[in-house]
Amino acid sequence: MAVTSRPGPPRPRLPRSVEELLEQVRAGLDRLGPRQAHEAARNEGALLVDIRYAALRDRDGLIPGAAVVERNELEWRLDPNGSHRIPEVTGHDLRVIVVCNEGYASSLAAASLRQLGLHRATDLTGGFQAWRAEGLPVTFEPGRPPTAPMPPTSG
């Protein structure tokens, strides 16, 4: 007697490029612009998480109040059940806004955090560069003078 197999659920189509992966990931995120992210952090208790590497932070500055977590440590530091989490991570309902330099790596990072159960994780459209271009607060490590914010760009 021949064994017949039942067809399973259809497999989701896998992305064929990083651009397709970004498009797929971003479809599930409620991405925020710089001013929206600033307000969410200021008024709603959202946690801004800067995943840029040290050279970019040294060169361009920091977002005041943002947690700095290098990308390779992100999941360990933001896992609400993990023993290595940062103190700001209080549970799975925390609204996390991931910030990278230009808003690409942060989308992938936010998707990874969602897989950990941080269902409100998202990212900053345009990254730190968009934040700075909007004239939002930027600071430097103690002893480094702040630079003037870049004027907003048109378009």
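Residues numbered from 1 in each chain as written. Predicted model: local features only at pLDDT ≥ 70, side-chain atom pairs only at ≥ 80, totals over all residues. Heavy atoms only, no water.

## Let's talk about the packing of aromatic side chains
Point 1. For the structure shown, the criterion picks out 0 aromatic pairs.
Point 2. The ring of Phe 128 is capped by Arg 52, whose NZ or CZ atom sits 3.9 Å from the centre of that ring. (Phe/Tyr/Trp six-rings, centres within 6.5 Å; stacked < 30°, edge-to-face > 60°. Lys NZ or Arg CZ within 6 Å of the ring centre and 35° of its normal.)

## Quick word on the pattern of salt bridges
Point 1. Summed over the entire model, instances satisfying the criterion amount to 10 salt bridges.
Point 2. The salt bridge partner of Glu 44 is Arg 95, with a shortest N-O separation of 2.8 Å. On the criterion of sequence distance, the pair formed by Glu 44 in the loop between helix H2 (34-43) and strand E1 (47-50) and Arg 95 in the loop between helix H4 (74-78) and strand E3 (96-99) is long-range, its members being 51 residues apart.
Point 3. For Glu 73, the salt bridge is made with Arg 77, and the minimal N-O distance between the two is 3.4 Å.
Point 4. A relative accessible area of 33% places Glu 73 in the partly exposed class.
Point 5. Here Arg 77 falls in the partly exposed class, since its relative accessible area comes to 27%. (Salt bridge = Lys/Arg side-chain N within 4 Å of Asp/Glu carboxyl O. Helix = DSSP H or I, 4+ residues; strand = E, 2+ residues; numbered from the N terminus. Buried < 20%, exposed > 50% of the residue type's maximum accessible area, 1.4 Å probe, protein only.)

## Description of the pairing of E3
Put simply, side chains in a regular strand alternate between the two faces of the sheet.
Point 1. Of the two faces of E3, the one holding Val 96 and Val 98 and the one holding Ile 97 and Val 99 are both buried throughout.
Point 2. Relative to E3, E1 runs parallel, the two sharing 4 bridges. Following the sheet pairing, Leu 48 is matched in E3 by Ile 97.
Point 3. Between E3 and its parallel partner strand E4 (residues 122-123), the chain crosses via helix H5 (residues 105-115), and the hand of that crossover is right-handed. (Pairing = 2+ DSSP bridges. Right-handed = clockwise from strand over helix to strand, strands pointing away.)

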